[in-house]
Amino acid sequence: MSVFDTDIKKLYGVGPARAAAYASLGISSVGDLLLHYPRGYEDRGNIKLIEEADGLSKYAHILTVATQPKSVRVKGRMTLTKFRAYDDSASCEITFFNQDYIKNLFAPGATFRFYGKVEKKAGRYVMSSPAYEPYTEESELLPLIPVYPLTEGITQKQIAKDIRSAMILAATDCDEGDVLPEEIRRRHSLCTYSYAIKNIHTPSSFSALAAAKKRLIFDEFFIFALGLCTARAEAKRALAYPCTRSDLRPLKKVIPYELTGAQERVIEDVRVDMCSDSAMSRIIIGDVGSGKTVCAAAAMLFAVQNGRQAVLMAPTEILARQHYLTLSDIFSRLGIRCELLIGATGAAQKKKIYASLAAEGDDRLDVVIGTHALLSSGVEFAAPGVVIVDEQHRFGAAQRAVLAKKNPMSHVLVMSATPIPRSLALALYGDLDVSVIDEIPPGRQRVDTFVVDESYRERLNGFIKKQVSEGGQVYVVCPAVEENTVGEEEEANLLLCDVGVDGNMIIDEETGSPLKSAIRFSEELANEFPDMTVDFIHGKLKSREKEAKMAKFVSGEIDILVSTTVIEVGVNVPNASLMIVENAERFGLSQLHQLRGRVGRGTRRSYCVLVSQSANKEGRAKERLMTMKNSYDGYEIAQKDLAMRGPGDFLRSGDDERLRQSGGVRFKLAELCDDTGLMTLAFEEAKNTVANDPSLSLHPKLKDKVSTDFTLEQSFVN
């Protein structure tokens, strides 16, 4: 057994209580602990004089203790321990709370490296509860101190101590657990696995940390890409019923518009796939309003023309209803039966739909559109032909496995409204054939976009009032659910000393203004507009509650909807004419483009206002916002986003609408990757590896790693 598999309780000091706390973080072994990477680093190597402190951020200071620490009891049981320390620029009063033992640690004349926030109050410098380490000229103190994700029952000191113990235990076994082929490691000048693990936890320098991150990020991309490549090979072996009849002319006759060239091209891709007895496994990626639904209608038509059934699953009842209204109108003109099956469908109607799905001959239901209700035990298909999933990243592997069993020998089509560059699409969806709709149908109105700062707040409120008084509705998107916490502020400080894989520090330009929260800001807007209906939604609400509020907004019962980024992709609210994004610098370009796409879906002239204090500051944040102001092409914006932020922004998961990876791999460091080239190299190496060794039999360690870490969520065909 590898040391990596050793039970966490074997580490000195880890008893049942701490082991239980670690378990809540998904850590049960020494290997799990070593793969629990820091969320950031404190830059304690950047030494500042007291006078250089700005009172806003934490810095390291080398100070000599000047006075004997004294403890006093105040406010009942609270104890304050105070002393003064100095450097060549000034002296500072240092205070610790409820740590009486501190007075025995700081002898006058002793020197320490303190890390904390120095503030100036009443003309004096003060510092509260700083981190500290004894310092001498010969000291070899680490310049970068890791800060870990925690849970109740575990402190930073405890986890750092346990990780040091784990590193000592695994020191001789670390490279034995390396799954990356040596020739690949050398070809790309990647550090050894043991070096990477050591320097991700205890980096000796920025360059050492950069080398460690580069290696570990490469590994994550490489394993993910191997999983996609092997899954694609398996999918290509799956069989489906060939749809030898595929006549698009009936559909063209009943739709009130001409198909764009991009739609024609994508439908032809689908037609060719479905005419084969190999199962189609294709994704359609199209910008908001590009016409993906009619491409889905074509796939459904081809299935029905061949005596098969079609099913479309959407993530929410609102989206399912929307698809049903559009598609049932089309199919009714073609003599195709179509029904809606959602949680709110009545028991009698459900029973009727169940029976018609399983029926033979003329009684059979051709098309069903629904939500998770399609996964119910009563749903059985007599002649499955094509399965279509809208917003495919919103469904988990278990849900898809159920739908796969209900639809054996089916063709599979998934759709995404997140425009991404083709190169990134081919990488992230390597297990799927990719079709891109890169043309917007004529008549789609452009949403006028403006970038403003807080000085425009009064004018912006007046504009909200004008829009609502004229019958419009307003979205307001905030980056946070609730008010900032100390933890969020600390996270911002950590980002200041993060480092990219190229060794450069990543300077976060986006921490200058407090985050607007959906809950608090909705209260402010309700007070500002007492005659309007204001409500909020966010990811922490239950799904049913979110859908109910969204349905009220769709029906016009809510004038102003304040939200985090959980606003549903694809939901049509024709009266929504104004999108306001607070702290807009906090969002990626592609995400801002998705948010902007929530308005301008009716006949009203529509607007998007990006509010940011970065509007008047030169830098990357302003450049991104101006890109949004000047560009309306989702793919152009996505390409710019990829160039400026790297692929990491497309990989992050959460309750927002960013693209989530389609595989079961949960990235740890790759989500922060700003190097598109590194991802490309990893995918190229994975493709070459599988091309030369399809079963990975020549790479048993890799094979075990992929089978353990990678669970393909997109595959319906098993």
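Residues numbered from 1 in each chain as written. Predicted model: local features only at pLDDT ≥ 70, side-chain atom pairs only at ≥ 80, totals over all residues. Heavy atoms only, no water.

Even after reading the chapter, I still don't get the nonpolar core, so can you show me in this structure?
For soluble globular proteins, the rule of thumb is that nonpolar side chains tend to be buried together. Leu33, Phe221, Phe222 and Leu226 are the most contacted members of the largest nonpolar core, which totals 88 residues. With 74 residues, the next largest nonpolar core counts Cys295, Ile318, Ile369 and Met644 among its residues. (Core = buried A, V, L, I, M, F, W, Y, C linked by side-chain atoms within 4.5 Å. Buried < 20%, exposed > 50% of the residue type's maximum accessible area, 1.4 Å probe, protein only.)

Can you walk me through the environment of valine 389 in this structure?
As for its position among the elements, valine 389 is in strand E15 (residues 384-390). Valine 389 gets classed as buried once you look at its relative accessible area, which sits at 1%. Linking valine 389 and alanine 296, residues 93 residues apart in sequence, is a C-alpha distance of 9.4 Å. (Helix = DSSP H or I, 4+ residues; strand = E, 2+ residues; numbered from the N terminus.)

How should the sheet that holds strand E19 (residues 473-477) be read in this particular structure?
Strand pairing in a sheet takes place through backbone hydrogen bonds and is either antiparallel or parallel in direction. Taking strand neighbours across the sheet as the criterion, the six strands line up as E18-E25-E24-E19-E23-E22 in an open arrangement whose pairing is parallel. Looking at which strands have only one partner, the edges of the open sheet turn out to be strand E18 (448-452) and strand E22 (534-537). Between one strand axis and the next, the sheet turns by 20° as a mean value, whatever way the strands run. Taken together, the four bridges between E22 and strand E23 (residues 560-563) define a ladder with parallel strand orientation. Residue pairing across strands places isoleucine 537 opposite serine 563, the latter belonging to E23. Taken strand by strand, helix H16 (residues 518-528) contacts E19, E22 and E23, and its axis lies near 175° from that of E22. Sheet strands touched by helix H19 (residues 620-630): E18 and strand E25 (607-611). Its angle to E18, the strand with the most contacts, is close to 155°. (Pairing = 2+ DSSP bridges. Axes fitted to C-alpha atoms, helices over the stretch in contact; angles between N-to-C directions. Contact = heavy atoms within 4.5 Å.)

I tried to follow unusual backbone geometry on my own but got confused; where do I start?
Among all residues except glycine, the phi angle is most often negative; among peptide bonds, the trans geometry is most common. Despite not being glycine, methionine 409 has its phi angle at roughly 60°, a positive value. Mapped onto the elements of the fold, methionine 409 is located in the loop between helix H12 (397-406) and strand E16 (411-416). Relative accessible area serves as the criterion here: at 34%, methionine 409 is assigned to the partly exposed category. Unlike most non-glycine residues, leucine 696 shows phi in positive territory, near 60°. Relative to the assigned elements, leucine 696 resides in the loop between helix H22 (676-692) and helix H23 (700-709).

Explain the packing of helix H5 (residues 193-201) against helix H6 (residues 206-235) here, please?
If you want to describe how two helices pack, look at the angle between their axes and the distance between the axes. One way to put it is that H5 packs onto H6 with a least axis distance of 8 Å and a crossing angle of 120°. In terms of axis orientation, H5 runs oblique to H6. Helix-helix and strand crossings are classified by hand; for H5 and H6 the assignment is left-handed. In this structure, H5 uses Tyr193, Tyr195, Ala196, Ile197, Asn199 and Ile200 to contact H6, whose residues at the interface are Ala208, Leu209, Ala211, Ala212, Lys213, Arg215, Leu216 and Asp219. Across the contact of H5 with H6, the residue classes break down as ten nonpolar, one polar and three charged. (Parallel < 35°, antiparallel > 145°, perpendicular 65-115°, else oblique. Left-handed = near helix turned anticlockwise from the far one by under 90°. Nonpolar A, V, L, I, M, F, W, Y, C, P; charged D, E, K, R; others polar.)

Where do I start with the packing of aromatic side chains in this structure?
Under the counting rule described, the total for this entry stands at 15 aromatic pairs. With 6.2 Å between their ring centres and 80° between their planes, phenylalanine 224 and phenylalanine 683 make a pair best called edge-to-face. One end of the pair, phenylalanine 224, is in helix H6; the other, phenylalanine 683, is in helix H22, and 459 residues separate them in sequence. According to the relative accessible area criterion, phenylalanine 683 is buried, its value standing at 5%. (Phe/Tyr/Trp six-rings, centres within 6.5 Å; stacked < 30°, edge-to-face > 60°.)

Looking at this model, I keep getting lost on helix H8 (residues 261-274). Mind explaining?
Because an α-helix completes one turn every 3.6 residues, residues spaced three or four positions apart along the sequence face the same direction. For H8, with 14 residues, the first-to-last C-alpha span of 20 Å sits near the 20 Å given by 1.5 Å per residue. All of the buried residues in H8 are Ala262, Gln263, Val266, Ile267, Val270, Asp273 and Met274. Viewed along the axis of H8, the buried residues span an arc of 130°, placing them on a single side of the element. Buried residues in H8 make contact with strand E11 (281-286), helix H9 (292-305), E15, E16 and strand E17 (433-437). (Expected span 1.5 Å × (residues − 1). Arc of directions from axis to C-beta.)

Whenever I open this one, the sheet that holds E16 confuses me. Can you help?
Strand order in the open sheet made by the seven strands is E13-E14-E12-E15-E16-E11-E17, with parallel pairing throughout. Each edge of the sheet is formed by a strand with only one pairing partner; in this case those strands are strand E13 (338-341) and E17. Within this sheet the neighbouring strands show an average axis-to-axis angle of 20°, counted without direction. The sheet contact formed by E11 and E16 spans five bridges and is parallel. Paired with arginine 282 across the strands is leucine 413, a residue of E16. Against the sheet, H8 engages E11, E15, E16 and E17, with an angle of about 160° to E17.

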